[in-house]
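A closer look at the structure
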Amino acid sequence: MLSLCVAPVTPPVATAGRPHLVGTSVRSPAVPSRKVPDSDPRAVLAQLTAGAGRAARITHTEHLPPRVGRHADWPGQIRPEVVDAVRESGIERLWEHQARAAGHALRGESVIIATGTASGKSLSYLMPVLSTLVDGAAGTDRTEGASGPGDQEVQGGKGDAGGVGHRGARGSTALYLAPTKALAADQRRAVSELAAPLGTAVRPAVFDGDTPVEEREWVRVFANYVLTNPDMLHRGILPAHARWASFLRSLRYVVIDECHTYRGVFGSHVAQVIRRLRRVCARYGSDPVFLLASATAADPGEAAARLTGVPVEEVTEDTSPRGEVVFALWEPPLTELEGERGAPVRRTATAESAELLTDLAVQGVRTVAFVRSRRGAELISLIAQDRLAAVDRSLSGRVAAYRGGYLPEERRALEHSLHTGELLGLAATNALELGVDVSGLDAVLITGYPGTRASVWQQAGRAGRTGEGALAVLVARDDPLDTYLVHHPDSLFRAPVESTVLDPDNPYVLAPHLCAAASEIPLTENDSALFGDGFPDLLRQLEERRLLRRRGASWYWTLKERACDLADIRGSGGAPVQVVEDGTGRLLGTVDAGAAHSTVHEGAVHLHQGRTYVVRHLDLEDSAALVEEASPPWTTMARDTTSVSVLETDEQVPWGDARLCYGTVEVTNQVVSYLRRRLITGEVMGETKLDLPPRTLRTRAVWWTLTEDQLEAAGVEHAVLPGALHAAEHAAIGLLPLFATCDRWDIGGVSIALHPDTLLPTVFVYDGQPGGAGFAERAFRTARSWLTATRDAIAACECEAGCPSCIQSPKCGNGNEPLHKRGAVRLLTELLASAV
């Protein structure tokens, strides 16, 4: 019988003196008089737990005491004008880690600064960048009118654009890469305010998909600090490098902010984009220094070197001050409802966070509620608005949702309202996790474990960014990992953050980037040093497939199509699906192609800006989903089926008679139906069949097998074997994020009592991206610890036969049938008995 489930540190700190994100501190307007005096986090938490049964929901409270900072002198190489500008912004002295990181940069050494949230990482790289830009501007011939986008009549064509692009006129340049548009826009505001006393010596500008066409030429010709993202670098700048020649020729620094987000397949793609950037820069005679900023991470120097391909120094000791942080772990209560197979059901984390957000808004406590999904952000906002309207109608408009897929003008308006304090509460996806300065926040709600400890501290650090106390609350979902963490707080507060997992040599990643690189500058055998050991074989394969053509000692891209379009760096699986309102034709937003089958299938409930829509038709050929506004009392969740075949076994380790294996597999997945679940309670109301085409995926997996003798020794009968394997698979997927920088939606699994390739009972856990993302390999390397934690989590759960807190999965394609809790514990115990 086949069972399946498909994929789709140190604590935070707050700094005094505004060194965390220079020049963007915004004072918020007055908030309601119900605000807790001085936003004392202990008092705020006491009020949250004052209701009936509330105190029992806290399983652990961690108090992180305040910390005194250590100062350092200004590096001697920083220009005095820059020092004066920073002091004018209110920062008189540097923290030690800021001075150390800036020192590496000024000596021409690539460096990563990996310290806590709000520890002043931005100033660490801005000091050397601004000083270099001022140096380059000294003595250059200013072009009159080049003071801002849209103000300059630009003449000329490709290359150095009208003669203003030569080094003598432009001076030094710097490039800033952010994982999100919001962060780039926020950083531009910071730089503009900080650099205002420096005049036109520093000309920052954002260049991304939201930049108006009429401004793009000004950015290319005149800006000397360009803020963009890997997507625009990949699709817009590198393919047009001849037009960016003057900028690239003068490029001194490349800033890579929030670099811990570049993990898995996305991180592997970004690593290749950076290698292409280095190659193009070398063509124009520049060799930029890389300045990376990261949340606290394990082995940050090693991860940064993998990302950039160059040696990177690391600065990890955080010497900034920190206000008190009160961090509570919160488990929603059990309800009277029964879930699948009669399992007990807890109140949803979404409903619980919405209630907490409401209470905090009523108190006047400025809060961001982070949630993992776009739908969750909309639901929390909608529920909180309804509850607030019942208390005080003036408050309901001061809570909103923020997520990807919004139109640019919607995102900018929300960011502005958050900066000015017009909003008291925001339900947001991780788009606001990444460095965007939100001054004056008092509390953060984390709705479900976000996948990594690094993300926990990153999100918690959004509060208390002015050096005051802060409250953070992790609200657990009914999920094995969340349940494990709230009852094992040492796994969160005493364990180091994860290593960043990425694999630039993944052939599914490298091959399209070789095509893109060849279209930029013909490839030669000398490029092997840049692109790694797989370069020669892939080059031959691309030539055989006629994607590249060899002429002499070089390989050329010869097709009419843009080579950069071969690489989907976000791994979304193709062009985004447009969500269009039926009848009006109004574009509401977009959904990633890879998620379209499960999120905008016919009948799916889609939320946007607090409004509810139902999908009437999904057109896969035209990448469009037609929706109409409706108010059904349910949400929807897709169901799917999966099969796995083994293509190649790279490594295997004997655990007694059992085998632990790692290799290449092919996964076939098909969305077959969807469930309707009642709002708030999550009660299943019915299932509807769907007719969508299957999709195949070649990826990497870890799997283990057991023999008949081991099953007999474990006391697992054949009748319960499928359920035991299935339960072990679910729990293993749920616990893997403790050991790899992934969450359960990055990975998938299949369990089968007799697999046709192994001829044994087998459990697979695989990466949900073509070619793999490094998660399965990490699972293979840490298998003993990972599976031990899995067994312990199942055994420790108080339920009788299995529940969402241990072995039931929210994404199970078989509706959590069959499952056998005690059999899973016996299987894993037997498997681990001979583990090495």
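Here is a short report on the structure shown in this document.

1. Observations regarding the overall build of the protein
- The helix and strand tally for the protein stands at 27 helices and 32 strands.
- Carbon and sulfur atoms form 49% of the exposed surface of the protein, whose accessible area is close to 30600 Å².

2. With respect to the sheet that holds strand β22 (residues 577-581)
- One open sheet accounts for 5 strands, arranged β23-β22-β26-β25-β24; its pairing is mixed. The two strands at the open ends of the sheet, each matched to only one other strand, are β23 (587-591) and β24 (605-608). For this sheet, the mean inter-axis angle between neighbouring strands, taken without regard to orientation, is 35°.
- Inspection of the sheet shows strand β25 (residues 611-619) paired to strand β26 (residues 624-629) by 6 bridges, in the antiparallel sense. Bridge pairing links His617 to Leu626 in β26.

3. So, the layout of surface pockets
- Within this model, the second largest pocket holds a volume of roughly 650 Å³.
- Residue assignment for the lining of the second largest pocket shows that the elements contributing at least two residues are α11 (300-308), α19 (507-520), α21 (535-544), β28 (658-678), β30 (695-705) and α25 (775-781).

4. Some remarks on the sheet that holds strand β19 (residues 470-475)
- Here 7 strands make up an open sheet; going across it, the order is β2-β12-β19-β18-β15-β17-β16 and the pairing mixed. Strand pairing shows two members of the sheet lacking a second neighbour, β2 (58-64) and β16 (399-402), which therefore form its edges. Taken pair by pair, the neighbouring strands of this sheet meet at an average axis angle of 15°, ignoring direction.
- Across 5 bridges, strand β18 (residues 443-447) lies against β19 in parallel orientation. For Val444, the partnering residue across the bridge sits in β19 and is Ala472.

5. Notes on the pattern of salt bridges
- Going through the model one piece at a time under the given rule, you end up with 40 salt bridges.
- A salt bridge links Glu331 to Arg346, with the shortest nitrogen-to-oxygen separation between them at 3.5 Å. One end of the pair, Glu331, is in the loop between β12 (325-330) and β13 (334-338); the other, Arg346, is in strand β14 (residues 344-346), with 15 residues separating them in the sequence. For the residue pair Glu331 and Arg346, the accessibility class agrees, reading buried in each case.

Analysis parameters
Along each chain, numbering runs from 1 in the same order as the chain's sequence is written. Where local features are concerned, this predicted model is filtered to residues with pLDDT of at least 70; where side-chain atom pairs are given and counted, the filter is 80 or more; whole-chain, interface and lining totals use all residues. Side-chain calculation: all heavy atoms of the structure are included, whereas hydrogens and water are not. Each helix corresponds to a stretch of at least 4 residues labelled H or I by DSSP, and each strand to a stretch of at least 2 residues labelled E; elements are numbered beginning at the N terminus. Only the protein chains shown count as covering a residue, and every accessible area follows the Shrake-Rupley method with a 1.4 Å probe. The pairing criterion is simple: DSSP has to find at least two bridges between the two strands. Between the N-to-C directions of two axes lies an angle of 0 to 180 degrees, each axis being a line fitted to C-alpha atoms and, for a helix, fitted only over the stretch in contact. The method works on a 1 Å grid over the protein atoms by themselves. A cavity is a set of points holding a 1.4 Å probe that cannot get out, a pocket is an open set with protein on both sides within 12 Å along at least five of seven lines, and residues with an atom within 4 Å of a point line them. Grid points are joined across faces, edges and corners, and a volume is the space filled by probe spheres set on the points. By definition, a salt bridge exists where a carboxyl oxygen of Asp or Glu is found within 4 Å of a side-chain nitrogen of Lys or Arg. Working definition: with a 1.4 Å probe on protein chains only, accessible area under 20% of the residue-type maximum means buried, over 50% means exposed, and in between means partly exposed.

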